[in-house]
Amino acid sequence: MDKKNKIIKGQPSKRSFLKILWTCLGLVALGELIVVIFSFFKPISKKKAAVSALRIIDAGSTDTYTPGSVSAFVQGQFYLVRLEDGGFLALSGKCTHLGFSVPWDKEQNKFICPCHASQFDIMGNVLSSPASRALDLFEISIVNKNIRVNISNRIKRNRFNKSQLVYPETVSILEESNKK
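Residues numbered from 1 in each chain as written. Predicted model: local features only at pLDDT ≥ 70, side-chain atom pairs only at ≥ 80, totals over all residues. Heavy atoms only, no water.

Caption draft 1: Layout of the environment of Ser-118. Tracing the sequence through the fold places Ser-118 in the loop between strand E6 (110-112) and strand E7 (119-120). Separated by 16 residues in sequence, Ser-118 and Val-102 place their C-alpha atoms 8.8 Å apart. Dropping the residues within four chain positions of it, Ser-118 is found in contact with Cys-95, His-97, Phe-111, Ile-112, Cys-113, Ser-128, Ser-129, Pro-130 and Ala-131. (Helix = DSSP H or I, 4+ residues; strand = E, 2+ residues; numbered from the N terminus. Contact = heavy atoms within 4.5 Å.)

This is the structure:
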């Protein structure tokens, strides 16, 4: 026998070592896949769902906002708008076309999307397409002149409606709609 074909008894060959290695790695990958599949179908516990369901941002006092002002809340990704008549709107900061952030342009007095140039007025109505509907709203509640915005649920709409405004005297837009 020559040296190349000489196999020492009791030692595995390179081929069998690689076969065992690939089998072990395949089993590890299969195990990870099974864990991912089970965690995907596992329901969220009620306690975790309740905590993450309600996200409220305290926007401060109504006295701090002048009529005709637009204030950005980066944390909540919304703009708090106070119209000239004193009503408040919490507009989503995402374009309804493709979801890009829409900055407020104070000089032009409108929201302008940097992606496809959709434009929205101070009430969130579409001024120029390609966006097909107005900016989404968030629920506002005002208690003792303290503004709270619930950002856990977007309210989709086609156009601005006077009933969407929240005044310091009213409680919230959802409670108003529940009364009707």
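Additional details are given in the paragraphs that follow.
Caption draft 2: Geometry of the sheet that holds strand E8 (residues 126-128). Overall, antiparallel pairing links the 4 strands, which are arranged E5-E6-E7-E8 in an open sheet. The strands lining the two open edges of the sheet, one partner per strand, are strand E5 (104-105) and E8. Where E5 and E6 come together, 2 bridges link them in antiparallel fashion. Residue pairing for E6: Asp-105 is matched across the bridge by Lys-110. (Pairing = 2+ DSSP bridges.)

Caption draft 3: Quick look at the nonpolar core. The biggest cluster of nonpolar side chains holds 18 residues, and the ones touching the most others in it are Val-70, Val-81, Leu-91, Val-102, Phe-111 and Phe-120. Beyond its immediate sequence surroundings of up to four residues, Phe-120 is in contact with Cys-95, Thr-96, Val-102, Lys-110, Phe-111, Asn-125, Val-126, Leu-127, Ala-131, Arg-133 and Leu-135. Residues Ile-57, Phe-138, Val-149 and Ile-151 belong to the second largest nonpolar core, which totals 15 residues. (Core = buried A, V, L, I, M, F, W, Y, C linked by side-chain atoms within 4.5 Å. Buried < 20%, exposed > 50% of the residue type's maximum accessible area, 1.4 Å probe, protein only.)

Caption draft 4: Looking closely at the environment of Glu-139. By the secondary structure assignment, Glu-139 is in strand E9 (residues 137-143). For Glu-139 and Asn-153, which are 14 residues apart along the polypeptide, the C-alpha to C-alpha distance reads 7.9 Å.

Caption draft 5: Quick peek at a positive patch on the surface. On the surface, Arg-55, Lys-94, Arg-154 and Lys-156 cluster together to form a positively charged patch. Inspection of the secondary structure puts Lys-156 in the loop between strand E10 (146-155) and helix H3 (173-179). Judged by its relative accessible area of 62%, Lys-156 falls in the exposed class. (Patch = residues over 30% accessible without salt bridge, like charges linked within 9 Å, V, L, I, M, F, W, Y side chains within 5 Å. Areas by Shrake-Rupley, 256 points an atom, 1.4 Å probe, with all protein chains shown as cover. Salt bridge = Lys/Arg side-chain N within 4 Å of Asp/Glu carboxyl O. Lys, Arg positive; Asp, Glu negative; His and termini not counted. Charge placed at Lys NZ, Arg CZ, Asp CG, Glu CD.)

Caption draft 6: Fine view of the side chain of Arg-82. Note on placement: Arg-82 falls in strand E3 (residues 78-82). Nearest to the buried, unbridged Arg-82 among oppositely charged side chains is Asp-63, at 5.8 Å. Separated by 2.9 Å, the side chain of Arg-82 and the backbone oxygen of Tyr-65 make a polar contact. The residues contacting Arg-82, other than those within four sequence positions of it, are Thr-62, Tyr-65, Thr-66, Pro-67, Gly-68, Ser-69, Gly-87, Phe-88 and Pro-168. (Polar contact = N/O pair within 3.5 Å; in protein donor to acceptor, adjacent residues only side chain to side chain.)

Caption draft 7: Expanded view of a nonpolar patch on the surface. Together, Leu-27, Leu-30, Leu-33, Ile-34, Ile-37, Phe-38, Phe-40 and Phe-41 give the surface a local cluster of nonpolar side chains, amounting to about 910 Å² of exposed area. As for its position among the elements, Phe-40 is in helix H1 (residues 14-41).

Caption draft 8: Region of the structure containing the pairing of strand E2 (residues 69-73). For E2, the buried fraction is high: 4 of the 5 residues fall into the buried class. Two elements, E2 and E3, share 5 bridges in a ladder whose sense is antiparallel. From the neighbouring strand, Ser-69 faces E3, where its bridge partner is Arg-82. The hairpin formed by E2 and E3 contains 4 residues between the paired strands, and Gln-77 there has a positive phi angle of roughly 55°.

Caption draft 9: Structural detail: the packing of aromatic side chains. Under the criterion given, the structure shown has 6 aromatic pairs. For the ring pair Phe-40 and Phe-41, a centre distance of 5.1 Å and an interplane angle of 80° mean the geometry is edge-to-face. Overall, the relative accessible area of 62% leaves Phe-41 in the exposed class. Judged by centre distance (4.8 Å) and plane angle (5°), the rings of Phe-73 and Phe-78 are stacked. Under the relative-accessibility criterion, Phe-73 is labelled buried at 17%. On the basis of relative accessibility, which here comes to 1%, the residue Phe-78 falls in the buried class. Ring pairing ties together the aromatic residues Phe-73, Phe-78 and Phe-138, which thus form one cluster. (Phe/Tyr/Trp six-rings, centres within 6.5 Å; stacked < 30°, edge-to-face > 60°.)

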